[in-house]
Amino acid sequence: MTLLAAATAVRDRAYAPYSRFKVGAAIRAASGAIYSGCNVENVAYPEGTCAEAGAIAAMVAAGETVIAEVLVIADSPAPVPPCGGCRQKIAEFAAQDVGVTLCTTDGASLRMSVADLLPGVFAAAHMVRT
Ligand code: THU
């Protein structure tokens, strides 16, 4: 299964009754396994939980903490970039050169790196004074 196939399949299961904007995300982790997630909204917090966060949660729940590649897909006019919170969540588990491919359901795609998405990322090293 490719990341595109996994993200496309899980996007169909998104629960987005408030935004009507379904998003699918798939991660290839260090083991080679693929973890996927969709956005899940709720009436109190209509922005809900992003697809990327869902895929990361599935990866961590399976015992993995290293992201090798990410792909996100949505039905938008241009490839939709992850929100700020998701950029930090991805950066927690991915090296700066890890690829994040943003896709539309029409077939457009844009490949970025984690560093492109979150330059100057706050990391654990910033809390250590030597
Ligand atoms: N959303 C994602 O799941 N991932 C993104 O990268 C952008 C936005 C979701 C959150 C919310 O359910 C809906 O899209 C509209 O913001």
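Anything mentioned here points back to the structure above.
As the structure is a prediction and not an experimental result, all values here were calculated from the model.

1. What about the sheet that holds strand 1 (residues 23–29)?
Here's step 1: Judged by pairing direction, the sheet is mixed, and its five strands sit side by side in the order 2-1-3-4-5 without closing on themselves. Two strands bound the open sheet, and with one partner strand each, they are strand 2 (34–38) and strand 5 (109–113). Sheet twist, expressed as the average angle between the axes of neighbouring strands with direction ignored, equals 15°.
Here's step 2: Pairing analysis gives seven bridges linking strand 3 (residues 67–74) to strand 4 (residues 94–104), with the strands arranged parallel. Directly across from isoleucine 67, in strand 4, lies its bridge partner alanine 94.
Here's step 3: Lying over the sheet, helix 2 (residues 51–61) contacts strand 1, strand 2 and strand 3, oriented at roughly 140° with respect to strand 2.
Here's step 4: Across the sheet, helix 3 (residues 84–93) touches strand 3 and strand 4, and the angle it forms with strand 4 is around 135°.

2. What to know about helix 3
Here's step 1: Within the sequence span of helix 3, burial applies to Cys86, Ile90 and Ala91. Buried residues in helix 3, looked at end-on, bunch into an arc of 140°, giving them a common side. With respect to the buried face of helix 3, the exposed residues turned more than 90 degrees away are Gly84 and Glu92.
Here's step 2: Those residues of helix 3 hidden inside the fold are in contact with helix 2, strand 3, strand 4 and helix 4 (114–117).

Cut-off values and rules
- Residues numbered from 1 in each chain as written.
- Predicted model: local features only at pLDDT ≥ 70, side-chain atom pairs only at ≥ 80, totals over all residues.
- Heavy atoms only, no water.
- Pairing = 2+ DSSP bridges.
- Helix = DSSP H or I, 4+ residues; strand = E, 2+ residues; numbered from the N terminus.
- Axes fitted to C-alpha atoms, helices over the stretch in contact; angles between N-to-C directions.
- Contact = heavy atoms within 4.5 Å.
- Buried < 20%, exposed > 50% of the residue type's maximum accessible area, 1.4 Å probe, protein only.
- Arc of directions from axis to C-beta.

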